[in-house]
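Take a look at the letters that make up each chain.
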Amino acid sequence: MGHADVKHVHGMHVVHYGPRQAPPLVLIHGSGFSGSSWNPVVPALADRYHVIRVDLPGHGHSPPAPSYEVPEQADRLAAVLDGLALPPVTAVGHSSGGYVATALAEHRPDLVGSLALISSGPSPDALLPQPVVLRALMAPPLGPLLWPIRSDTMLRKGMSAVCNRPVEIPDDLVAEVRGIDYRTFRTVLRRNTAYIAERSVPERLAALDVPVLVIFGAADRRWDPSSVHHYDTVATARVEQLPDVGHLPMFEAPETTGELLLAFAVAGR
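Because the structure is predicted, anything quoted here is derived from the model rather than measured.

Trainee: How should I be thinking about the overall build of the chain in this particular structure?
Mentor: When you go through the chain residue by residue, the secondary structure sums to 11 helices and eight strands. Against the globule reference of 18 Å for 269 residues, the chain gives a C-alpha radius of gyration of 17 Å, in line with a compact fold. Along the first, second and third principal axes, the C-alpha set of the chain runs to 45 × 40 × 35 Å. With 269 residues in all, the chain has 56% of them scored as buried. Across the chain, the fraction of contacts at a sequence separation of at least 24, relative to all contacts at a separation of at least 6, is 76%. The centroid of the 22 positive side-chain charges in the chain is displaced by 5 Å from the centroid of its 27 negative side-chain charges.

Structure representation (structure tokens):
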């Protein structure tokens, strides 16, 4: 899969796919991942859209940032989009990337034409008990000890633990995830929780005048799948729940996920 351009802009690694004159679609990864997590769906999207894939600060190829507050993450992304001089984008966020997309629409509604949230938990009370391998990697006392010695096998187990279907995690994503600092990761998780604890995502979306697509796996292992119905309160939202799919629809059901995003982006034009 080729790409047109790779740059560092305002502290973010930015990769462009597809024709530059096409409508823009921005892909925002979740915590502990990188822009490469979107690769299974990028080819289908780039046939019809100018796809902009970012690595958030401290993830993938982007350097760390002084702060990881969700609104500040959104402001950095807004600076990237301002620099690209794009028309309003379709902002697509996976998991906590959906919080950054939501904050972008809150702070800079002029930049966002529509929002798509994939596996984005609506509020802290929807969080499920995490798989053992993730608890060991993420929390003290084992987390800081295991983090520097994580093997490729352990990293793959950690990423696939939230999936319901078998998935293959590619080497480039494993390498990029390995580069995330433990303290950065823990800080990002705390800031994400603070954002949705202050005000739930459905409440935030209900205050926005923007079309919303919510995609959620019916077998998500990170967030309670029934919590997707909290988004039913958002008048502009369409909710799609994918049977037998866990927390990573891009890997577990890439074709369906890509089709839903394409149809939504077309409808929002």
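So, next bit.
Trainee: Whenever I open this one, the packing of helix α6 (residues 152–160) against helix α7 (residues 171–178) confuses me. Can you help?
Mentor: Closest axis-to-axis distance for the α6/α7 pair is 10 Å, and the angle between their directions is 95 degrees. As far as their axial angle goes, α7 and α6 are roughly perpendicular. Facing α6, whose interface residues are D152, L155, R156 and M159, α7 presents D171, L173, V174, V177 and R178. Residue composition of the contact of α6 with α7, by class: five nonpolar, no polar and four charged.

Trainee: Even after reading the chapter, I still don't get the pattern of salt bridges, so can you show me in this structure?
Mentor: Side-chain pairs of opposite charge can arise whenever the charged atoms involved come near each other. Overall, the coordinates contain nine salt bridges when judged by the stated rule. One salt bridge in this structure joins E69 and R191, with 3.3 Å as the shortest N-O distance. Highlighted residues: E69 in the loop between β4 (50–55) and α2 (70–84) and R191 in helix α8 (residues 182–198), separated in sequence by 122 residues. Looking at E69, the relative accessible area reads 31%, which means it is partly exposed. Judged by its relative accessible area of 27%, R191 is partly exposed. Here E198 ties to R204 by a salt bridge, and the two come within 3.0 Å at their closest N and O atoms. Connected through salt bridges with shared partners, the residues D82, R108 and D110 form a single ionic network.

Trainee: Help me understand the packing of α2 against helix α3 (residues 97–107), please; the structure alone is not making it clear to me.
Mentor: Packed helix pairs are specified by the crossing angle of their axes together with the interaxial distance, meaning the distance between the axes. At a minimum axis separation of 8 Å, α2 and α3 run at an interaxial angle of 70 degrees. As summarised for this structure, α2 and α3 are arranged roughly perpendicular, according to the angle between their axes. Residues V70, P71, Q73, A74, D75, L77, A78 and L81 of α2 pack against Y99, V100, A103, L104 and H107 of α3. Classifying every residue of the contact of α2 with α3 by side-chain character gives 10 nonpolar, two polar and one charged.

Trainee: Please clarify how the pairing of strand β3 (residues 24–28) should be interpreted in this entry.
Mentor: Consecutive residues of a regular strand have side chains that alternate between opposite faces of the sheet. Burial analysis of β3 places five of its five residues in the buried class, the great majority of the element. A two-sided burial pattern is seen for β3, the buried positions comprising P24, V26 and I28 on one face and L25 and L27 on the other. Relative to β4, β3 runs parallel, the two being bridged by five bridges. Within the sheet, the bridge partner assigned to I28 lies in β4 and is V54.

Rules and cut-offs
- Residues numbered from 1 in each chain as written.
- Predicted model: local features only at pLDDT ≥ 70, side-chain atom pairs only at ≥ 80, totals over all residues.
- Heavy atoms only, no water.
- Helix = DSSP H or I, 4+ residues; strand = E, 2+ residues; numbered from the N terminus.
- Rg over C-alpha atoms; globule rule 2.2 N^0.38 Å.
- Buried < 20%, exposed > 50% of the residue type's maximum accessible area, 1.4 Å probe, protein only.
- Contact = heavy atoms within 4.5 Å.
- Lys, Arg positive; Asp, Glu negative; His and termini not counted.
- Charge placed at Lys NZ, Arg CZ, Asp CG, Glu CD.
- Axes fitted to C-alpha atoms, helices over the stretch in contact; angles between N-to-C directions.
- Parallel < 35°, antiparallel > 145°, perpendicular 65-115°, else oblique.
- Nonpolar A, V, L, I, M, F, W, Y, C, P; charged D, E, K, R; others polar.
- Salt bridge = Lys/Arg side-chain N within 4 Å of Asp/Glu carboxyl O.
- Pairing = 2+ DSSP bridges.

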